[in-house]
Protein chains: 2
Amino acid sequence: MSDKLPQASLDEIRHSLAHLLAAAVLQKYPDTKLGIGPVIDNGFYYDFLFSQPVTEDDLKDLQKDMRKLAHRHLDFTGEKLTAEGAKKMFKDQPFKVELIEEFSKDGKELTAYHTGDVFTDLCRGGHVTNTKQIDPESFKLSRLAGAYWRGSEKNPMLTRIYGLAFASKKELEAYEKMMEEAKKRDHRKLGKDLGLFTIIDEIGPGLPLFYPKGTILRRLVENYITDLQEKRGYVPIWIPHITKGKLYEISGHLQKYDAMYPPMQLPDEDAYYLKPMNCPHFMMLYNTLPHSYRELPIRYTSTTTNYRYEKSGELTGLTRVRALTQDDCHVFTRPDQIEAEINLMLDMINEAYTTFGFSDFWVRISTHDPENKEKYIGDKTIWAESEAALEKLIKNRGWKHEIGVGEAAFYGPKLDFILKDVLGREWQLSTIQLDMNLPKRFNLEYTDADGTKKQPVVIHRAILGSTERFLAILIEHFGGAFPLWLAPVQVAVIPVSEKHIDYAREIAKKLPGFRVQIAEENETLGKKIRGAEMQKIPYVLVVGDKEIEQNAVNVRHYKEGVLGTLSLDQLSAKLREEIEKKG
Amino acid sequence: MSDKLPQASLDEIRHSLAHLLAAAVLQKYPDTKLGIGPVIDNGFYYDFLFSQPVTEDDLKDLQKDMRKLAHRHLDFTGEKLTAEGAKKMFKDQPFKVELIEEFSKDGKELTAYHTGDVFTDLCRGGHVTNTKQIDPESFKLSRLAGAYWRGSEKNPMLTRIYGLAFASKKELEAYEKMMEEAKKRDHRKLGKDLGLFTIIDEIGPGLPLFYPKGTILRRLVENYITDLQEKRGYVPIWIPHITKGKLYEISGHLQKYDAMYPPMQLPDEDAYYLKPMNCPHFMMLYNTLPHSYRELPIRYTSTTTNYRYEKSGELTGLTRVRALTQDDCHVFTRPDQIEAEINLMLDMINEAYTTFGFSDFWVRISTHDPENKEKYIGDKTIWAESEAALEKLIKNRGWKHEIGVGEAAFYGPKLDFILKDVLGREWQLSTIQLDMNLPKRFNLEYTDADGTKKQPVVIHRAILGSTERFLAILIEHFGGAFPLWLAPVQVAVIPVSEKHIDYAREIAKKLPGFRVQIAEENETLGKKIRGAEMQKIPYVLVVGDKEIEQNAVNVRHYKEGVLGTLSLDQLSAKLREEIEKKG
């Protein structure tokens, strides 16, 4: 189709499709007021103020109209405008006029783009040359949503039409298939189907409650991280979830951190706050005791819940919650120990990712801006050495990475780990952050070998980030079919009929240490097996007359199907081995 | 001394001593205004408004004067008074006049008691006949404290003088010795000395932070209870620590529970509260799913922190905190399952007490008031059967108990467990409480065998009550010398000198699974051994040339002293066995 013209970029195609959508809308609903129509991750959208109701059912026709427009091989051409000319051109479009006034006040250049003679939009450009370059089969109008003009609830509510658009039909189909798979794997759906967690109106949005199975999953994940840490000399501490405001005055959070819950004002006492992060508590605990250079590094960890008042519209399932449980750690270290400490952290992150089955990740290294040195606090040598160490350590491991020059916080360089799940979606997970600010604000000290007082560097580190969000990723990554070591129920024992229940119970008893469930409900064998499959229980043991006779069980695996008859010893050994290697 | 007169009761002696104290005070400080002087657990006190400073140093003289008065063999005699006569008699004592006015308004009888001709007090009586009956060696003025008149900070601050008093000198000495021992075992002192926990001003009173050793102790205790429960079919859930107020409107707590922290009012949203108890969260979770009679009993547990705003003056160490972590459980049960469920709870309580080394306890059974039946809600048959079951189950086990008729809550009968520690002090610990109220308020249901909807009974249960308070008891009970399975550090390896450090590290590595600490500090052997003893570490391994040569360790036990040279295999086996039996 685009045989004569150069290949257009995906963004150009998407941006042009947004214009075709607006053109199709104006053809069909001439009174419509236009908002804006940008390119997004998977396509484009355009916001409209319709003068009549428009529903998802209308999208098919609009899509047809867009294809027709594309087939007309229309040229995209730009034109510079004066403010006055622009206002005249868009006199029937109040939102455009608003933008024109704003742009001209800011001294921005004004341009319009024409699509043949059918449509003109106020636009910075970035289009195909001709609609020939658009494959009409590679896009699709996908859905409608409400959106306030310019994102403010003080403005009118517009209707946003979303379109998917890719370079080819094949890519569009692959994306749709991925989305369909993602929908099936949606942790909110699986969380309900598998009985993992729930959110209850009367308790509040963003505050999930976990059923027994979800609680076991939480515990397995959290205990794994605890063990991972403690066998490397990390030590656990326990801190309360509330504090006087005084603590955040010292840390500086009270003035600056805006996701804090409002204070609880006690009569005749200070105001108390839910902790939104753990650092200040950790600093204070370090400070209750004198420390010698010999004791360092001190590696305090705590799996503890923080509270952040996220807007209710931004909360989704477990990925964004208001009570998030962090696998938090703060290492108090001498400057000469920084590299070794970070290397130890990389070991742990690597081991955790491998264990949970995430092999694809990359690292963002955020360093200081050499043009803007005055904005950073702390010792320049520590900055230089630690940035060099971060880069070297990541490179030595051969890990994919990007260096974000100037992206470091004012108090230290940082590593962020971005993980790809089985569907190719990216999740930011682990963080390693050097901090030369809090040690200063809290006057942290240790006595060095020469007897002088020195300030330790603090390294913040989380591996999973938060238990809740990590569980969401884990649920979607595995589609709820967890590896044996993580499965809340590892084995379902299904008696063929009522008379085999005793034997089923006996079997369950003979599998101590495994998480076993007996299907005692009064249902057909088929229904009970399907029930266990729906619950994605890794091993299903069917027991009837034959199994009793053989003193054995008939084993089915969730993924591998029927494995046949095994003795309990054989089965136990198999399960143990699988759990051991966290397969 | 009291040879001719009948034996006076301890309360009579204590009450009489309070009068002798007031008499001695007025002799010495005639302007003093008298408050009241009641009997207390270990003696008596009297409150005074002095017109001059009185300090602890003055107590010796006052005590001497009291003894002199006792030696004068003064009679205690009572006299009925009219309001007018009383006011005249106590015209110089404004606090007494205040009491007289109040008593006469309430129609109470007014009496005065004379001690010979040296002192007269407004008093209901209950004295020795003659001061001969008092052994002058069996009491002691112990300390001073400030106390508001009638406990209200709006009233003047008086000086309270405390006296210890017992039936004999021997008992007084035993009590003092016990108190001295209790002081040594004070968990606040040991918590600091052993590095278990701390309280930090900037974070707040009643909000302890736990150091690694304290955190390990918490975890051991909490994990023990978790295991105890789960091997009996209890299942864990996880609930957030905050909730909308709506939840407590349903439960009724919002109107009635006064230890709740003030609300956090979110903009354009409900007010949120820290949870002061877990029941409403548990009820809600039960209610998210339909339940069949076959599923019951459902036994939900959670070790989770509650927040109660206790007055800052009432907070002490870990015994009374503002963030208390409960080993909470709610069993949703059919009426026919109540007895078996309670019996299972008694098994668990018994096992827990035995394991933690508490053999002395008794049970308070709180039942309904048969004279006042209308004040109770719920099914009468359930009341009758469950009260009978509670009594039977406790009696069958031969456990000491008291029946508190009329002490049940309006929503169900209850068991409270009162524990004696090694010093004979009583602590209220476990609770089992039937509840027919919350199931009603939350409309809990299950479908019975006949298809009808029924209301389950809820049984609340905590074994330890709260982790924090239980740790306080545990620390004081063991005086910080924990049994091996609970010791935060189980083994200290002490190299004789610098050159034995490598061997010490090797030893530590060869004791995997045990909590081992190496004394690497640059100190003398003696100091290092004393250090380990101060930390009350159960096993100390000294390693020097001889041990390296023998590939062994020299073992000392905290209580048993030097055990001699053992191979690592011998030691490991010994440790494992001791931990196994939780000795």
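Counting restarts for each chain: residues are numbered from 1 in the order of the written sequence. Whichever chain is written first becomes A and whichever ligand is written first becomes 1, with later ones labelled in order. Only residues with pLDDT of at least 70 get local features here, since the model is predicted, and only at 80 or more are side-chain atom pairs given and counted; chain-wide, interface and lining totals rely on the full set of residues. Side-chain calculation: all heavy atoms of the structure are included, whereas hydrogens and water are not.

**Student:** Give me the environment of Phe410 of chain A: which residues, what numbers.
**Tutor:** Residues and elements named next belong to chain A. Numbered from the N terminus, helices here are DSSP runs of H or I no shorter than four residues, and strands are runs of E no shorter than two. The residue Phe410 is located in the loop between β18 (401-405) and β19 (414-420) in this model. When the C-alpha positions of Phe410 and Glu374 are compared, they lie 9.4 Å apart, and in sequence the two are 36 residues distant. Setting aside chain neighbours within four positions, we find Phe410 in contact with Lys375, Tyr376, Ile377, Trp383 and Asn437. When checking whether two residues touch, look at their non-hydrogen atoms; a contact exists if any pair is within 4.5 Å.

**Student:** Tell me about the interface of chain B and chain A, and name the residues and values.
**Tutor:** At the interface, 59 residues of chain B touch 59 residues of chain A. Throughout, buried area stands for the accessible area (probe radius 1.4 Å) lost by two parts on being put together, summed over both. Of the roughly 4900 Å² buried where chain B meets chain A, counting both sides, 68% is carbon and sulfur surface. Of all residues in chain B, Glu202, Ile203 and Trp238 of chain B bury the most surface against chain A, accounting for 14% of the area lost on that side. Any Lys or Arg side-chain nitrogen located within 4 Å of an Asp or Glu carboxyl oxygen qualifies as a salt bridge. Joining chain B to chain A, the criterion identifies four salt bridges. Arg219 of chain B is the partner of Glu230 of chain A in a salt bridge, and the nearest nitrogen-oxygen pair spans 2.6 Å. When residues in the side of chain B that touches chain A are grouped by element, the largest group, seven residues, is from helix α7 (residues 212-230) of chain B. Residue composition of the side of chain B that touches chain A, by class: 33 nonpolar, 13 polar and 13 charged. Any residue that is not Ala, Val, Leu, Ile, Met, Phe, Trp, Tyr, Cys, Pro, Asp, Glu, Lys or Arg is counted as polar, Gly included; the first ten are nonpolar and the last four charged.

**Student:** Lay out the packing of helix α7 (residues 212-230) of chain A against helix α14 (residues 467-478) of chain A with the relevant residues and their values.
**Tutor:** The packing of two helices is summarised by the inter-axis angle and the distance between the axes. All names here are of chain A. What counts as an axis is a line fitted to C-alpha atoms, over the stretch in contact for a helix, and the angles between N-to-C directions run from 0 to 180 degrees. As a packed pair, α7 and α14 sit with axes 11 Å apart at the nearest point and diverge in direction by 105 degrees. Taken together, the axes of α7 and α14 lie roughly perpendicular to each other. In this structure, α7 uses Leu217, Arg218, Val221 and Glu222 to contact α14, whose residues at the interface are Thr467, Glu468, Phe470, Leu471 and Leu474. Looking at the contact of α7 with α14 residue by residue, the classes come out as five nonpolar, one polar and three charged. By definition in this entry, angles of less than 35 degrees are roughly parallel, angles greater than 145 are roughly antiparallel, angles of 65 to 115 are roughly perpendicular, and the rest are oblique.

**Student:** Could you give an account of the relation of the copies chain B and chain A, with specific residues and numbers?
**Tutor:** Only residues with pLDDT of at least 70 in both copies count here: their C-alpha atoms drive the least-squares fit that superposes the copies. Taken as rigid bodies, chain B and chain A are interconverted by a rotation of 179 degrees and an axial shift of 0.1 Å, the fit giving an RMSD of 0.2 Å. Here the transformation between the copies is reduced to the relation of a two-fold axis. For chain B, the minimum C-alpha distance to the rotation axis belongs to Met264 of chain B and amounts to 3.0 Å. A high fraction, 100%, of the interface residues of chain B reappear at the interface in chain A, so the copies pair face to face through one surface.

**Student:** If you had to explain the side chain of His557 of chain A to someone new, which residues and values would you point to?
**Tutor:** Residues and elements named next belong to chain A. You can see His557 is positioned in strand β27 (residues 553-557). Relative accessibility under 20% of the residue-type maximum defines a buried residue, over 50% an exposed one, and the middle range a partly exposed one, all with a 1.4 Å probe and only protein chains included. The exposure class assigned to His557 is buried, which follows from its relative accessible area of 10%. Polar contacts, as used here, are pairs of N or O atoms within 3.5 Å; protein pairs need one atom able to donate a hydrogen and one able to accept it. Residues neighboring in sequence count only if both atoms are side-chain atoms. A polar contact is formed between the side chain of His557 and the backbone nitrogen of Glu560, at a distance of 3.1 Å. If sequence neighbours within four positions are ignored, His557 has contacts with Pro538, Tyr539, Leu563 and Glu578.

**Student:** Summarise the sheet that holds strand β27 (residues 553-557) of chain B; cite the residues concerned and give the values.
**Tutor:** Residues and elements named next belong to chain B. With respect to topology, five strands assemble into an open sheet ordered β25-β24-β26-β27-β28, the strand pairing being mixed. The sheet is open, and its two borders are formed by β25 (516-518) and β28 (561-566), each paired with just one other strand. Taking each pair of neighbouring strands and ignoring which way they run, the sheet shows an average axis angle of 25 degrees. Its contacts with the sheet place helix α16 (residues 525-534) against β24 (491-495), β26 (539-543) and β27, and it is angled at close to 175 degrees to β24. In this scheme, strands are said to pair when DSSP sees at least two bridges between them.

**Student:** Tell me about the pairing of strand β28 (residues 561-566) of chain A, and please be specific about residues and values.
**Tutor:** Two faces make up the sheet, and in a regular strand the side chains alternate between them. All names here are of chain A. Here β27 pairs with β28 via five bridges, running antiparallel. Bridging across to β28, Arg556 finds its partner in Val562. Connecting β27 to the antiparallel partner β28 that follows it, the hairpin turn spans three residues.

**Student:** Outline the pattern of salt bridges, supporting the account with residue identities and numerical values.
**Tutor:** In total, this model carries 76 salt bridges over all chains according to the counting rule given. Note that Asp416 of chain A is salt-bridged to Lys414 of chain A, the shortest N-O span being 3.7 Å. The class for Lys414 of chain A is partly exposed, based on a relative accessible area of 25%. Lys244 of chain B is paired through a salt bridge with Asp270 of chain B; the nearest N and O atoms lie 3.9 Å apart. You can see Lys244 of chain B sitting in strand β12 (residues 242-244) and its partner Asp270 of chain B sitting in the loop between β13 (264-265) and β14 (271-274), a full 26 residues away along the chain.

**Student:** Mind laying out the environment of Leu49 of chain A, listing which residues take part and the relevant values?
**Tutor:** All names here are of chain A. Structurally, Leu49 is set in strand β3 (residues 43-49). A relative accessible area of 30% places Leu49 in the partly exposed class. Remark: the alpha-carbon pair of Leu49 and Arg160, spanning 111 residues in sequence, is separated by 8.9 Å. Filtering out sequence-adjacent residues up to four positions away, Leu49 remains in contact with Thr32, Lys33, Phe95, Met157 and Leu158.

**Student:** Can you explain unusual backbone geometry? Please cite residues and give values.
**Tutor:** The omega torsion of the bond from Leu296 of chain A to Pro297 of chain A falls at 0 degrees, within 30 degrees of zero and hence cis. Along the chain, Pro297 of chain A turns up in the loop between α10 (279-287) and β15 (298-307). You will see that Lys536 of chain B, though not glycine, has its phi angle at about 55 degrees, which is positive. Its place among the elements puts Lys536 of chain B in the loop between α16 and β26.

**Student:** Could you give me a rundown of the packing of aromatic side chains, with the residues and numbers involved?
**Tutor:** Whether two aromatic rings pair depends on their centres lying within 6.5 Å, for rings of Phe, Tyr and Trp, where Trp uses its six-membered ring; planes under 30 degrees apart make the pair stacked, over 60 edge-to-face, and the rest tilted. One pass over the full model with this rule turns up 52 aromatic pairs over all chains. Aromatic side chains Tyr272 of chain A and Tyr261 of chain B sit 6.5 Å apart centroid to centroid with 65 degrees between the ring planes, which places their arrangement in the edge-to-face category. One end of the pair, Tyr272 of chain A, is in strand β14 (residues 271-274); the other, Tyr261 of chain B, is in the loop between α9 (253-256) and β13, on a second chain. This pair shows no difference in class: Tyr272 of chain A is buried, exactly as Tyr261 of chain B is. Taken together, the ring pairs connect Tyr224, Phe356, Phe358, Phe470 and Trp485 of chain A into an aromatic cluster. Our definition puts a charge over a ring when NZ of Lys or CZ of Arg is within 6 Å of the ring centre and also within 35 degrees of the ring normal. Above the face of the Tyr45 of chain A ring, Arg160 of chain A is positioned so that its terminal group lies 3.8 Å from the ring centre. The aromatic ring of Trp485 of chain B is capped on one face by Lys582 of chain B, whose charged end is 4.9 Å from the ring centroid.

**Student:** How would you summarise the sheet that holds strand β25 (residues 516-518) of chain A if you had to cite specific residues and measurements?
**Tutor:** All names here are of chain A. Across the sheet, which stays open at both edges, the five strands sit in the order β25-β24-β26-β27-β28 with mixed pairing between neighbours. Pairing within the sheet leaves two strands with one partner each, and these edge strands are β25 and β28. Strand-to-strand twist across the sheet, computed as the mean angle between neighbouring axes with direction ignored, equals 25 degrees. Inspection of the sheet shows strand β24 (residues 491-495) paired to β25 by three bridges, in the parallel sense. Residue pairing for β25: Val493 is matched across the bridge by Ile518.

**Student:** I'd love a proper account of the pairing of strand β17 (residues 361-367) of chain B, names of residues and values included.
**Tutor:** All names here are of chain B. Within β17, six of the seven residues are buried, which leaves the element mostly enclosed by the surrounding structure. Strand direction decides the pairing type here: β17 and strand β19 (residues 414-420), joined by six bridges, are antiparallel. If you follow Phe361 over to β19, its bridge partner there is Leu419. Two strands pair when backbone bridges link them, and β17 and strand β18 (residues 401-405) are joined in this way by five bridges, in the parallel orientation. Opposite Thr367, over in β18, you have Val405 as the bridge partner. Convention used here: a crossover is right-handed provided that the path from the first strand, over the helix, to the second strand proceeds clockwise when the strands point away from the viewer. What joins β17 to β18 is helix α12 (residues 380-396), and the crossover it makes is right-handed.

Interpretation in functional terms is not warranted from these geometric data alone.
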